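Okay, here's what each chain looks like letter by letter:
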Amino acid sequence: MADIAAAANVSKGTLYVYFEDKEHLFIALIEREREKQKQGIYEALADDPDLAHALASFGERLVRLITGGFALSAQRIVLGVAERMPELGREFYERGPMQGTQRLAAFLARRVELGELVIDEPALAAAQFIDLCQSTLTRPRLFNALPMPPGDDEIARVVGSAVQMFLAQYSVKRPD
C-alpha cells in the first residue's frame, strides 16, 4: 500500500478513504486494466454478417486475453482470496466472466431473432461456447503447466473446433 500511495502521490490514509482494504484496491486495479483489454473482444460481436467469423473472432480474442499473463495472475490472486473474501470473488466474476457471457448471450439472442440459430437458453449456449473456446488452453496456463501463452495457430485450431461444434448444435438446419 505504501508503494501505491507513493506512486499516486497520496498518503496511505487517503487510499483507505477510497478502498476498504488492499484487496479492494487490487480489484479496482484489475478492473481498470481488464476494461482496457476487453474492448476489442466485444467489437467482434458487432453485426458481422458471417456468424462463424464473428464467433471465431470473439473466441480467439477472448482466449488471447484469458491466457495472457495479466489475466492469469489476476485470476490466481482472486481465487486465492475468494474463500476468505467471497464478495471479492463474486465482484470479480460478475464484472468479468459473467459480463462476457451475458454479452455473448445477447449476441446469440439477436442471431436467434434473425433466424440463424435455434437456442432455447442463450445464456447457457454462451457459457458453453466460451468453455469450448478455452478447452485445452486455459487450465494448463492457469496451473503453470504451460509457461507461455498458446500461439495464434493453436488458438485458431481450438476456437475453430469450438465454432464447428457450436454451430453443429445450434445453427438452423437447412434442407440439402
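See the structure printed just above.
What counts, and at which threshold
Residues numbered from 1 in each chain as written. Predicted model: local features only at pLDDT ≥ 70, side-chain atom pairs only at ≥ 80, totals over all residues. Heavy atoms only, no water. 1 Å grid on protein atoms, 1.4 Å probe; cavity = no way out; pocket = protein on both sides within 12 Å on 5 of 7 lines; lining within 4 Å. Points joined across faces, edges and corners; volume = space filled by probe spheres on them. Helix = DSSP H or I, 4+ residues; strand = E, 2+ residues; numbered from the N terminus. Nonpolar A, V, L, I, M, F, W, Y, C, P; charged D, E, K, R; others polar. Phe/Tyr/Trp six-rings, centres within 6.5 Å; stacked < 30°, edge-to-face > 60°. Buried < 20%, exposed > 50% of the residue type's maximum accessible area, 1.4 Å probe, protein only. Lys NZ or Arg CZ within 6 Å of the ring centre and 35° of its normal. Expected span 1.5 Å × (residues − 1). Polar contact = N/O pair within 3.5 Å; in protein donor to acceptor, adjacent residues only side chain to side chain. Contact = heavy atoms within 4.5 Å. Axes fitted to C-alpha atoms, helices over the stretch in contact; angles between N-to-C directions. Parallel < 35°, antiparallel > 145°, perpendicular 65-115°, else oblique. Left-handed = near helix turned anticlockwise from the far one by under 90°. Core = buried A, V, L, I, M, F, W, Y, C linked by side-chain atoms within 4.5 Å.

### Looking at the layout of surface pockets
So, point 1. Computed from the structure, the largest pocket encloses a volume of approximately 890 Å³.
So, point 2. Lining of the largest pocket is provided by 35 residues; of these, Ile66, Gln75, Pro97, Gln134 and Thr138 occupy positions nearest its centre.
So, point 3. Put simply, the parts of the chain that give the lining of the largest pocket at least two residues each are helix H3 (22-43), helix H4 (51-66), helix H5 (69-82), helix H6 (86-95), helix H7 (97-113), helix H8 (122-134) and helix H9 (138-142).
So, point 4. Considering each element in turn, the lining of the largest pocket owes the most residues, eight residues, to H5.
So, point 5. Broken down by class, the residue content of the lining of the largest pocket amounts to 21 nonpolar, ten polar and four charged.

### Some remarks on the packing of aromatic side chains
Aromatic ring pairs are reported here in terms of the distance separating the ring centres and the angle at which the planes meet.
So, point 1. Inspection of the entire model under this criterion finds two aromatic pairs.
So, point 2. Here the aromatic rings of Phe129 and Phe166 are separated by 5.2 Å at their centres, their planes lie at 65°, and the arrangement is edge-to-face. One end of the pair, Phe129, is in helix H8; the other, Phe166, is in helix H10 (residues 152-170), and 37 residues separate them in sequence.
So, point 3. Look at Phe166 and you get buried, because its relative accessible area is 2%.
So, point 4. For the cation-ring pair, Arg103 lies above Tyr42, with the distance from its terminal atom to the ring centre recorded as 3.8 Å.

### What to know about H4
So, point 1. The end-to-end C-alpha distance of H4 is 22 Å, a good match for the 22 Å that 16 residues give at a rise of 1.5 Å each.
So, point 2. Along H4, the residues classified as buried are Leu51, Ala54, Leu55, Ala56, Ser57, Phe58, Gly59, Leu62, Val63, Leu65 and Ile66.
So, point 3. Capping the start of H4 is the job of one residue whose side-chain oxygen sits 3.2 Å from the backbone nitrogen of Ala52: Asp50.

### Quick word on the environment of Lys38
So, point 1. Residue placement: Lys38 occurs in helix H3.
So, point 2. As a C-alpha pair, Lys38 and Glu116 span 78 residues in sequence and 26 Å in three-dimensional space.
So, point 3. Sequence-distant contacts of Lys38, that is, excluding residues within four places in its chain, are made with Glu31, Leu65, Arg95 and Gln99.

### Some details on the packing of H6 against H7
So, point 1. At a minimum axis separation of 3 Å, H6 and H7 run at an interaxial angle of 25°. By the criterion of interaxial angle, the relationship of H6 to H7 is roughly parallel. Note on element contacts: H7 touches H6 through Pro97, Met98 and Gln99, opposite Phe92, Tyr93, Glu94 and Arg95.

### Quick notes on the packing of H5 against H6
So, point 1. Contact geometry of H5 with H6 gives a least axis separation of 7 Å together with a crossing angle of 145°. As H5 runs across H6, the sense of the crossing is left-handed. In contact with Ala74, Gln75, Val78, Val81 and Ala82 of H5, H6 contributes Pro86, Leu88, Gly89 and Phe92.
So, point 2. Here the contact of H5 with H6 is built from residues that sort into seven nonpolar, two polar and no charged.

### Regarding the nonpolar core
So, point 1. The biggest cluster of nonpolar side chains holds 33 residues, and the ones touching the most others in it are Leu55, Phe58, Leu104, Phe107, Leu108, Phe129 and Phe166.
So, point 2. Elements supplying a minimum of two residues to this core: H3, H4, H7, H8 and H10.
So, point 3. Setting aside residues no more than four positions away along its own chain, Leu108 makes contact with Leu55, Leu117, Ile119, Pro122, Ala125, Ala126 and Phe166.

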